[in-house]
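Structural description and commentary
Chain residues, written in single-letter form:
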Amino acid sequence: MSAQLLDVKSMFKSELEEKLLELGLVKYRASQVYGWAMAGINSFSDMSNVPLTERKLLDRNFFLENLVVKKALISDKKDETRKYLFKLSDDNYIESVLLKYKYGYTACISTQVGCRMGCKFCATGMSGFIRNLTPGEMLEQIQKMNSINKIKISHVVLMGMGEPLDNYENVIKFLNILTDANGLNISKRNVSLSTCGIVNKIYDLSNENLALTLSVSLHASNDKIRKNLMPVGKKFSFDDLLKACKHYVKKVKRRISFEYTLISGVNDSVECALELASKIKGMLCHVNLINLNKTCKASSLLPSTIVSANKFKNTLLRKGINVTIRRNLGSDIRASCGQLRASGV
Ligand code: SAH
Ligand code: SF4
């Protein structure tokens with residue numbers, strides 16, 4: 001896409017209004033164009049209530065982000081999880097997942113092409129960083145899954161490829177467009193953001209008035225284990241991360257979710273569970289135990305046995321910690337972070 005063209009889906013309605021006024025169009029036109037863009041229309045020529053000459057003017061100044069479905073995988077299991085590999089306009093690839101729950105559809109979207117955080121167990125982390133996604137590219141993942149499946153996604157999780165807090169400005173703008181009444185109008189309560197723990201950005205996020213549910217990928221009970229699995233642990237200590245989490249809970253008044261991938265012999269002992277419990281006791285939090293997705297070719301790490309996973313869970317429960325083992329939705333379709341792209345389509 002040519003650099004001088006502006007992506008309507010990366011703009012607030014007020015920004016589009018300003019640009020259209022500069023081009024000599026009436027303010028009302030912005031409502032129409034923005035309305036079409038948010039409804040998932042990807043071509044100005046389809047905006048039937050906009051005069052033809054103005055549609056051409058729009059074409060010369062703007063574009064509408066449009067992802068191409070390169071591959072779609074539908075889970076054989078009853079859960080109906082669908083995974084999409086989307087091609088971006090610069091021929092990079094990203095993944096998104098559509099999950100069906102009793103309460104509606106959830107989109108799990110990517111925020112970057114690749115990731116620079118390098119977590120040892122993660123296919124995305126192992127493949128390195130290419131670039132940040134724009135707000136429009138994040139929005140379009142939801143719109144495309146809506147239009148392909150003729151549904152209306154009600155919940156969004158930023159848990160696909162990439163580290164959302166490493167693409168902070170674009171992610172915040174996307175979240176504001178996503179939850180705006182003129183945008184996709186998705187309730188802030190229905191949006192979660194998962195981070196590997198970029199401490200200063202967690203403080204920034206707590207000031208954004210977004211009231212998101214925060215998931216923090218902990219995966220360890222102390223600095224030593226964390227540093228070994230997640231390079232970000234060398235930059236921010238475990239204690240500083242927990243302090244930032246406590247601040248977020250206090251400010252936003254929402255329960256935090258700790259993601260903990262159980263890896264055999266690395267972080268899944270009863271001692272680890274006891275250590276974790278002692279550190280998070282009393283916090284408004286929930287621990288999500290995830291089994292390491294072993295189809296990930298990127299590392300030699302192995303998932304915990306069912307026995308160890310249950311022992312870990314029961315130890316936390318006994319210590320009064322809210323904990324669940326996350327059901328592995330879509331594990332037959334490589335639905336874990338970065339696995340489809342890494343498998344070389
Ligand atoms: N960068 C963010 C969000 C994307 S990763 C973060 O790290 O939180 C989304 C989740 O998938 C994280 O909790 C991550 O730890 C987990 N994950 C990555 N690779 C995995 C694997 N092979 N098995 C299980 N979970 C994995
Ligand atoms: Fe990046 Fe998250 Fe994967 Fe770590 S787990 S490499 S932060 S995407």
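Residues numbered from 1 in each chain as written. Chains lettered and ligands numbered in written order. Predicted model: local features only at pLDDT ≥ 70, side-chain atom pairs only at ≥ 80, totals over all residues. Heavy atoms only, no water.

Okay, the site of ligand 2 next. If you check the shell around ligand 2, you find 11 residues, and the closest are Cys115, Met117, Cys119, Cys122 and Gly125. Of the residues that constitute the shell around ligand 2, the class distribution is seven nonpolar, three polar and one charged. (Near = heavy atom within 4 Å. Nonpolar A, V, L, I, M, F, W, Y, C, P; charged D, E, K, R; others polar.)

Moving on to the packing of aromatic side chains. For any pair of aromatic rings, the description consists of the separation of the ring centres together with the inter-plane angle of the planes. Taken as a whole and judged by the stated rule, the model has three aromatic pairs. Relative to Phe86, the ring of Tyr84 has its centre 5.8 Å away and its plane inclined at 10°; by these criteria the two rings are stacked. When the centroid spacing of 4.9 Å and the interplanar angle of 40° are considered together, the rings of Tyr260 and Phe312 count as tilted. Here Tyr260, found in strand 12 (residues 256-262), pairs with Phe312, found in helix 12 (residues 306-318); they are 52 residues apart in sequence, far enough to count as distant. Here the two residues Tyr260 and Phe312 agree in accessibility, since each one is buried. One residue, Arg116, lies across the ring of Phe129, its end atom 4.1 Å from the ring centre. (Phe/Tyr/Trp six-rings, centres within 6.5 Å; stacked < 30°, edge-to-face > 60°. Helix = DSSP H or I, 4+ residues; strand = E, 2+ residues; numbered from the N terminus. Buried < 20%, exposed > 50% of the residue type's maximum accessible area, 1.4 Å probe, protein only. Lys NZ or Arg CZ within 6 Å of the ring centre and 35° of its normal.)

With that settled, consider the domain arrangement of the chain. Entries for the chain in the domain assignment read domain 1 (6-63) and domain 2 (68-333). Distance between the C-alpha centres of domain 1 and domain 2: 34 Å. Taken together, the contact pairs 13 residues of domain 1 with 13 residues of domain 2. With both sides pooled, the region where domain 1 packs onto domain 2 buries about 950 Å², and carbon together with sulfur makes up 54% of that total. When the area that domain 1 buries against domain 2 is broken down by residue, the three leading residues are Lys9, Phe12 and Met38, summing to 53%. Counting across the domain 1 and domain 2 interface gives two salt bridges. Our enumeration of links across domain 1 and domain 2 arrives at seven residue pairs in polar contact (both at pLDDT 80 or more). Secondary-structure elements contributing two or more residues to the side of domain 1 that touches domain 2 are helix 1 (13-22) and helix 2 (27-38). No other element matches helix 2, which puts three residues into the side of domain 1 that touches domain 2. (Domains from an automatic or database assignment. Contact = heavy atoms within 4.5 Å. Buried area = accessible area lost by both parts, 1.4 Å probe. Salt bridge = Lys/Arg side-chain N within 4 Å of Asp/Glu carboxyl O. Polar contact = N/O pair within 3.5 Å; in protein donor to acceptor, adjacent residues only side chain to side chain.)

Right, let's talk about the packing of helix 11 (residues 270-280) against helix 12 for a bit. Angle between the axes and distance between the axes are the two parameters that describe a pair of packed helices. Between helix 11 and helix 12, the least distance of the axes is 9 Å, while the angle of their chain directions is 30°. Taken together, the axis directions place helix 11 and helix 12 in an arrangement best described as roughly parallel. The element helix 11 and its partner helix 12 pack so that their crossing is right-handed. Here Val270, Cys272, Ala273, Leu274, Leu276 and Ala277 of helix 11 come into contact with helix 12, specifically with Lys311, Phe312, Thr315 and Leu316. For the contact of helix 11 with helix 12, the residue count by class is eight nonpolar, one polar and one charged. (Axes fitted to C-alpha atoms, helices over the stretch in contact; angles between N-to-C directions. Parallel < 35°, antiparallel > 145°, perpendicular 65-115°, else oblique. Left-handed = near helix turned anticlockwise from the far one by under 90°.)

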